Amino acid sequence: MASAPAMGSGDDAGARDALARLVAGRPDAALHLAQLEALILLRDGRTAEAAQAFRTILSAEPRYAPARRGLTRALARQGNPGAAAWHAERLLAATPDEGERAALAALVTAARTGAPQGVALRFALLPSSNARRGTDAETVIINGLPFEIDDDARRKGGVGLFFGLSAWSGRAIAPNWTATLGASADAKLYGEGIDDEANLALRLDLARSGPRRRLSFGPRAEVQFNGGAGNRRRLGIDATLAQRIGAQSDVTAGLTHWRQWYPDAPFRDGTLTEGHVGWRSQIPATSAVLLQLPCEVERTGRDHLDRIGTGVVLGLEREWRGGMIPVIPPDRSAGDCRGQYPGFLTARRDEVTSFSIPLRHRSMRIDRFIPGASYTFTDHRPNIPFHACQAHDLGLALSTRF
């Protein structure tokens, strides 16, 4: 606009006057004037104030690309590449300039690669109507005879506290290749009557990153604890591929193969193979749709525990005026076991439907983080009645401010 030369020369008053005359009478005049003030703050090195000014503009009009472009620059200067990439992806869907699109794509790729080293803390409050995923039934009928369900296998609600810690360190090992060693520790703590859960994990990622593609693979190791005792150990190898298609879409694929050991239940020892393919597309700058097709195959020492599971996840993310950003991913999956279930004349089949609504709001924040809330409804309907359950789960957590 005509105000740019004046602002570049340091004549802020002249820039304001020129812009006011240029946009006088236009319905979007306030947006342009607020954008100029935010740009002045960014030029003067008042990056945090500029970022807040750009966020305020986007809360009023999420489709205003100049403010999103400015916020992307401000977040990158603040050393927040993940949040900058979040906005860069949305700009890619609406930016015709090839040079700018290349710079935005590079920012997204850098965020996916991640910092060479770091530590991340996670915390969440997890209220649930059925934390142990038990059945509502008091008795079930098996071959015409009633059987009473133990209290330990029945529904029990509770509030869990989730704590997580991740640390990683990486280095370049060749052009476009990095090696990253990472470790994590996660725990869910509940009250009386619900077993605590914990997981320790170690992984090595070898990754090749390019402007539009990222391939990573490497070994993994995990130990899971349930109720304070070692419940499962496993070793595996993982490979993932992310490819950008055009300016608006990404496709992903992943495969992980595990060898599993259960110290207290050796008949469950065996293998688990998990895979997925996915697609995500930014429609306009304020909306995105996603599709994911997960699958898994488990083999154990018992035919009735061997299973094949498939699923479909659909998602819609939209940024509304005011700063509310919901993600709505309905999920449906089914699993079929290979052998006849003990006491029944058929193999077990599970059908699970879930519906989640995670919410974030840009105007709510705690320092560089925003609180996030989520609600999930899960309906598990197997053909073996004492595995049936429903659950309503809430989640309250902190995430990086975007």
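Owing to the predicted nature of the structure, the values given are computational and were not obtained by experimental measurement. (Residues numbered from 1 in each chain as written. Predicted model: local features only at pLDDT ≥ 70, side-chain atom pairs only at ≥ 80, totals over all residues. Heavy atoms only, no water.)

This next bit is on the pattern of salt bridges. Tallied over the entire structure, the rule returns 21 salt bridges. A salt bridge links R133 to D393; the nearest nitrogen and oxygen atoms lie 2.8 Å apart. Placement of R133 in the loop between β1 (117-128) and β2 (139-142) and of D393 in strand β17 (residues 389-400) is noted, with a sequence separation of 260 residues between them. Owing to a relative accessible area of 38%, R133 belongs among the partly exposed residues under this scheme. Note on D393: relative accessible area 15%, which makes it buried. In this structure, E351 engages R349 in a salt bridge whose closest nitrogen and oxygen atoms are separated by 3.3 Å. For E351, a relative accessible area of 28% gives the class partly exposed. Judged by relative accessible area, R349 falls into the partly exposed class, the value being 31%. (Salt bridge = Lys/Arg side-chain N within 4 Å of Asp/Glu carboxyl O. Helix = DSSP H or I, 4+ residues; strand = E, 2+ residues; numbered from the N terminus. Buried < 20%, exposed > 50% of the residue type's maximum accessible area, 1.4 Å probe, protein only.)

Turning next to the nonpolar core. Counting 16 residues, the largest nonpolar core has F54, A67 and L71 as its most contacted members. For this core, the elements supplying multiple residues, two or more each, are α3 (29-43), α4 (47-60), α5 (65-77) and α6 (81-92). If near-sequence neighbours (up to four positions away) are discounted, L71 is found in contact with A51, F54, R55, L58 and H87. In this structure, L19, V23, A29 and I40 belong to the second largest nonpolar core, which totals six residues. (Core = buried A, V, L, I, M, F, W, Y, C linked by side-chain atoms within 4.5 Å. Contact = heavy atoms within 4.5 Å.)

This part is about the packing of aromatic side chains. Under the definition given, this model contains three aromatic pairs. Residues Y341 and F344 carry aromatic rings whose centres are separated by 5.8 Å and whose planes lie at 70 degrees to one another, so their mutual orientation is edge-to-face. Each of the two residues, Y341 as well as F344, counts as buried. Its end group placed over the ring of W258, R234 keeps NZ or CZ at 4.0 Å from the ring centre. Geometry around Y262 places R268 over its ring, the cationic atom sitting 4.2 Å from the centre. (Phe/Tyr/Trp six-rings, centres within 6.5 Å; stacked < 30°, edge-to-face > 60°. Lys NZ or Arg CZ within 6 Å of the ring centre and 35° of its normal.)

Position of L58 relative to the elements: it lies in helix α4. Judged by relative accessible area, which is 0%, L58 ranks as buried. The spacing of L58 and E319 is 261 residues in sequence and 9.3 Å in space, taken between C-alpha atoms.

The next point concerns the environment of A124. Relative to the assigned elements, A124 resides in strand β1. In the structure, A124 is positioned 36 residues away from G160 in sequence and 8.3 Å away in space, judged by C-alpha atoms. Those residues in contact with A124 that sit more than four places away from it in its chain are G160, L161, F162, L396 and A397.

Running from amino to carboxyl end, α5 crosses α6 at an angle of 150 degrees, the nearest separation of the two axes being 8 Å. As the angle between them shows, α5 and α6 are arranged roughly antiparallel. Handedness of the crossing formed by α5 with α6: left-handed. Contacts between α5 and α6 pair A65, R68, R69, L71, T72, L75 and A76 from the former with A83, A84, W86, H87, A88, R90 and L91 from the latter. Taken together, the residues of the contact of α5 with α6 sort by class into nine nonpolar, two polar and three charged. (Axes fitted to C-alpha atoms, helices over the stretch in contact; angles between N-to-C directions. Parallel < 35°, antiparallel > 145°, perpendicular 65-115°, else oblique. Left-handed = near helix turned anticlockwise from the far one by under 90°. Nonpolar A, V, L, I, M, F, W, Y, C, P; charged D, E, K, R; others polar.)

So, about the confidence of the model for the protein chain. This prediction gives the protein chain a mean pLDDT of 82; 84% of its residues lie at or above 70. Ranking the elements of the protein chain by mean pLDDT puts helix α1 (residues 3-8) last with 51 and strand β9 (residues 249-261) first with 95. Predicted confidence is poor over residues 1-5, with pLDDT under 50, and the contacts of this stretch with residues over four places away or in other chains come to 10 contacts. (pLDDT = per-residue confidence, 0-100.)

Attention now goes to a negative patch on the surface. Where like charges cluster on the molecular surface, the negative patch consists of E148, D150, D152, D195, D196 and E197. Among the secondary structure elements, D152 is positioned in the loop between β3 (145-148) and β4 (158-174). D152 sits in the exposed class, given a relative accessible area of 68%. (Patch = residues over 30% accessible without salt bridge, like charges linked within 9 Å, V, L, I, M, F, W, Y side chains within 5 Å. Areas by Shrake-Rupley, 256 points an atom, 1.4 Å probe, with all protein chains shown as cover. Lys, Arg positive; Asp, Glu negative; His and termini not counted. Charge placed at Lys NZ, Arg CZ, Asp CG, Glu CD.)

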